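# Chain and residue survey
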Amino acid sequence: MNTGCIPTKTLVASAYAIHVAGRGAEYGFAVGDVRVDMKRVKARKDAASARSNKGVEEWLRGTKNCTVIEGHARFQSSNSVVVNDEVLEADKIYINVGGRARVPDMPGIHDVPFLDNSSMMDIDFLPKHLVIVGGSYVGLEFAQIYRRFGSEVTVVEMGPRLIWREDEDISQAVREIVEAEGIQIRLNAKCISLAKHGDGVAVRMECSDDPKEVAGTHVLLAVGRVPNTSDLDLERAGVTTDQHGYIVVDDELQTNVPGIWALGDCNGRGAFTHTSYNDYEIVADNLFNADHRRVSDRIQAYGLYIDPPLGRCGMTDAEVRKSGRRALAVKYPMSKVSRAYEKGEMQGLMKICVDAETKQILGAAILGVGGDEVIHVLLDMMYAKAPYTVVQRAMHIHPTVSEFLPTILAKLEPFV
Ligand SMILES: Cc1cc2nc3c(=O)[nH]c(=O)nc-3n(C[C@H](O)[C@H](O)[C@H](O)COP(=O)(O)OP(=O)(O)OC[C@H]3O[C@@H](n4cnc5c(N)ncnc54)[C@H](O)[C@@H]3O)c2cc1C
């Protein structure tokens, strides 16, 4: 609530409003000089975080039999933790400590100031030139936010393309969207190092193509996350972690120690608020509702909140290919979707892949206006294990992006 989804999506909303205001002439209105007021942007963001904080804290403190203690907890044994010099014993312990930004051991890291997703939340000024190391989900969201606020923005990525976990066509479409707004992209930066540069920071990319150095006023590191497990004294409880520090859990989120579960980002089985919450549902249902739920039952789903957003569910093309299934696939540009045209937001594409035999949806990506919402039509079909033909028989509301799904599915062709 302080440094993840809620504040970033609040900033995305401010950036979107500024962006649309700047396109006033296209929509038929005139505004004066559109300029960001970072103090007010931050105040709005802080208010959104505070609202959520307050709601959750009040709910927790008001929950019967629940005591909230603020402090850093450490294990003392397999059934006790110490917090603020108080020893708490329990027969069931749930570890839900989340993660933090990874700080890579790159040359120069100790010589210059750098920002991460937490310290970005304290900014109430506009960086003149923000250099972002990392061209994946977190980095791209901040890149577009700050570009729209008015910063010069350069993204330095070590891989050959942005968001490498996505299919190449999605990576490419995302690149086109952010580049069209003036964000500079530097790929293949294999040897990144940081150095002082006047009052700012230089990000060096020695073994990449020219130019080999980008000098900015501020640098944001967005190069992944690490679990908050190194300061828990897990060894006293005997809880096992993997080589990256994630707590090893089974399909029902139990650790190797009976009576200890690990939920959320710290177990490495998800990296989102909805996967953390789903972890809770799995554990609670298994323990208290005599249900049998497993992590492997859930379908991968997430959003990338650039504008337009990317909604994703199920397999990527690469995963479908690896599975060896016979599949059908379709790709459709958002420029042909009337709802997108009416809104003046025609960037992106939709793609869907289905199993040729069962006709069930295997995976989908909707990069376009409303993509984060529309994807749920397909996600729910996947949970229902229903054939895609059900979508074609449904009457959708006009005009929406979702109403195009039956049209798109009529164009399925053998997947290659
Ligand atoms: C910039 C950014 C944007 C994001 N946007 C999205 C998004 O749009 N959608 C989405 O689904 N996810 C998003 N995420 C990911 C999301 O924030 C996390 O997946 C989610 O917060 C994980 O929840 P959690 O409960 O596992 O851990 P957290 O939310 O990290 O909570 C863990 C808590 O445990 C506390 N803690 C840690 N160690 C101890 C200890 N030893 N003793 C006591 N307390 C401790 C921490 O202080 C923290 O309060 C984003 C993340 C980032 C960084």
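Please refer to the structure higher up on the page.
Residues numbered from 1 in each chain as written. Predicted model: local features only at pLDDT ≥ 70, side-chain atom pairs only at ≥ 80, totals over all residues. Heavy atoms only, no water.

## Some remarks on the overall build of the protein
Keep this limit in mind: Strands are runs of DSSP state E lasting at least 2 residues, helices are runs of H or I lasting at least 4, and numbering of each runs from the N terminus. The globule rule is 2.2 Å times the number of residues to the power 0.38, and the radius of gyration it is compared with is taken over C-alpha atoms. Here's how the labels work: a residue is buried when its accessible area is under 20% of the maximum for its type, exposed when over 50%, partly exposed in between, all with a 1.4 Å probe on protein chains only. Every residue pair with non-hydrogen atoms within 4.5 Å of one another is taken to be in contact.
Scanning the protein from terminus to terminus reveals 12 helices and 20 strands. Relative to its length of 416 residues, the protein is compact, with a C-alpha radius of gyration of 23 Å against a globular reference of 22 Å. Each principal axis of the C-alpha distribution contributes one length, and for the protein these read about 65 × 60 × 45 Å. Within the protein, the proportion of its 416 residues that are buried is 46%. In the protein, the proportion of contacts linking residues at least 24 apart, taken out of those at least 6 apart, comes to 60%.

## Considering the packing of helix α1 (residues 5–22) against helix α4 (residues 137–149)
Inclusion rule: Fitting a line to C-alpha atoms yields each axis, with helices limited to the stretch in contact; the angle taken between N-to-C directions then spans 0 to 180 degrees. Geometric relationships in this document are graded by angle, where less than 35 degrees denotes roughly parallel, more than 145 denotes roughly antiparallel, 65 to 115 denotes roughly perpendicular, and other angles denote oblique. Two helices crossing with the near one rotated counterclockwise from the far one by less than a right angle form a left-handed crossing, whereas a clockwise rotation gives a right-handed crossing. Amino acids are sorted into nonpolar (Ala, Val, Leu, Ile, Met, Phe, Trp, Tyr, Cys and Pro), charged (Asp, Glu, Lys and Arg) and polar (every other residue, Gly among them).
Packing of α1 against α4 brings their axes to within 9 Å, and their N-to-C directions diverge by 40°. With respect to α4, the axis of α1 lies oblique. Seen from above, α1 lies across α4 with left-handed handedness. Contact residues: α1 offers T8, K9, L11, V12, S14, A15, Y16, I18 and H19, while α4 offers E141, F142, I145, R148 and F149. Looking at side-chain class alone, the contact of α1 with α4 contains 8 nonpolar, 3 polar and 3 charged residues.

## Examining the site of the ligand
What counts, and what does not: Distances are taken per atom, and a residue is near a molecule or strand as soon as one of its heavy atoms is within 4 Å of it. In the analysis that follows, any N or O atom pair within 3.5 Å is treated as a polar contact, provided that within protein one partner can donate a hydrogen and the other can accept it, and provided that, for residues neighboring in sequence, both atoms belong to side chains.
Near the ligand you find 25 residues, and of these K9, A73, N96, D265 and T273 are the closest. Backbone polar atom of A271 to an oxygen atom of the ligand: 3.1 Å apart, as the coordinates give it. Here an oxygen atom of the ligand sits 3.1 Å away from a polar atom, N or O, in the side chain of S276. In terms of residue class, the shell around the ligand is made up of 8 nonpolar, 14 polar and 3 charged.

## Looking at empty space enclosed by the protein
Rules: Think of a 1 Å grid over just the protein atoms. A cavity is a set of points where a 1.4 Å probe fits yet cannot get out, a pocket is an open set with protein on both sides within 12 Å along at least five of seven lines, and lining residues have an atom within 4 Å of a point. Grid points are joined across faces, edges and corners, and a volume is the space filled by probe spheres set on the points.
All chains considered together, the criterion is met by 1 cavity of 30 Å³ or more. Taken together, L11, M38, V41, K42, K45, M120, M121, I123 and Y146 make up the full set of residues lining the largest cavity. Among the elements that line the lining of the largest cavity, the one with the most residues is helix α3 (residues 38–61), at 4 residues. Residues that form the lining of the largest cavity fall into these classes: 7 nonpolar, no polar and 2 charged.

## Some points on the sheet that holds strand β8 (residues 184–186)
The line we're drawing: Strand pairing follows a simple DSSP-based rule, namely that at least 2 bridges must link the two strands.
Strand order in the open sheet made by the 4 strands is β8-β7-β6-β12, with parallel pairing throughout. Both edges of this open sheet fall to β8 and β12 (218–221), since each of them pairs with a single strand only. Here the strands of the sheet are splayed against their neighbours by 20° on average, with no regard to which way each runs. Sheet strands touched by α4: β6 (129–133), β7 (152–156) and β12. Its angle to β7, the strand with the most contacts, is close to 165°.

## Things to note about the pairing of β7
Inclusion rule: A crossover counts as right-handed when, viewed with the strands pointing away from the observer, the path leading from the first strand over the helix to the second turns clockwise.
Across the 5 residues of β7, 4 count as buried, placing the element largely inside the fold. In this fold, β6 hands off to α4, which returns the chain to β7; that crossover is right-handed. Summarising the sheet, β7 and β8 pair through 3 bridges and their orientation is parallel. What sits directly across from V155, in β8, is I185.

## A word on the packing of aromatic side chains
For clarity, the threshold we go by: We call Phe, Tyr and Trp rings a pair once their centres come within 6.5 Å, taking the six-membered ring for Trp, and we label the pair stacked below 30 degrees between planes, edge-to-face above 60, and tilted otherwise.
According to the stated counting rule, one finds 6 aromatic pairs in the structure shown. Their ring planes at 80° and their centres at 5.8 Å tell us that Y137 and Y302 sit as a pair that is edge-to-face. Of this pair, Y137 sits in helix α4 while Y302 sits in strand β15 (residues 301–304), and the two are 165 residues apart along the sequence. Accessibility classification places Y137 together with Y302 in one group, the buried group. One aromatic cluster is present, built from ring pairs that chain together Y137, F272 and Y302.

## Examining helix α10 (residues 371–384)
Residues three or four positions apart in an α-helix share a direction because the helix packs 3.6 residues into each turn. Rules: Expected helix span is computed as 1.5 Å times (number of residues minus one). Two axes define the bend at a residue: one fitted to the seven residues ending there, one fitted to the seven starting there, and the bend is the angle between them.
Over its 14 residues, α10 runs 20 Å from end to end, which matches the ideal 20 Å to within 8%, given 1.5 Å per residue. At V377, α10 shows its largest bend, some 25°. Buried within α10 are the following residues: G371, V374, I375, L378, L379, M381 and M382.

## Examining the pattern of salt bridges
Spelled out, the test is: We define a salt bridge as a side-chain nitrogen of Lys or Arg found within 4 Å of a carboxyl oxygen belonging to Asp or Glu.
For the structure shown, the criterion picks out 26 salt bridges. In this structure, R269 and D251 form a salt bridge, with 3.6 Å as the shortest nitrogen-oxygen distance. With R269 in the loop between β14 (260–262) and α7 (273–288) and D251 in the loop between α6 (234–237) and β14, this residue pair connects regions lying 18 residues apart in the sequence. One salt-bridge network, in which partners are shared between bridges, spans D167, D169, D317, K331 and K351.

## Considering the nonpolar core
The cut-off we apply is this: As used here, the term nonpolar core means buried Ala, Val, Leu, Ile, Met, Phe, Trp, Tyr and Cys residues forming a set that is joined through side-chain atoms within 4.5 Å.
Membership of the largest hydrophobic core comes to 41 residues, with the highest contact counts inside it found for I132, F142, Y146 and F149. Looking at this core, the elements with two or more residues in it are α1, α3, β6, α4, β7, α5 (168–180), β15 and β19 (361–367). In terms of residue count, the dominant contributor to this core is α4 (7 residues). Every residue in contact with I132, bar those within four places of it in the chain, is listed here: G139, F142, A143, V153, T154, V155, V156, L220 and A222. By size, the runner-up hydrophobic cluster in this structure holds 32 residues, among which are L379, M381, M382 and Y388.

## Observations regarding α4
Between its first and last C-alpha atoms α4 spans 19 Å; for 13 residues at 1.5 Å apiece the expected length is 18 Å, and the two agree. Burial runs high along α4: 11 of the 13 residues are buried. Taken as a whole, α4 has its buried residues at Y137, G139, L140, E141, F142, A143, Q144, I145, Y146, R148 and F149. Where α4 terminates, the next one or two residues include G150, which has phi positive at roughly 125°.

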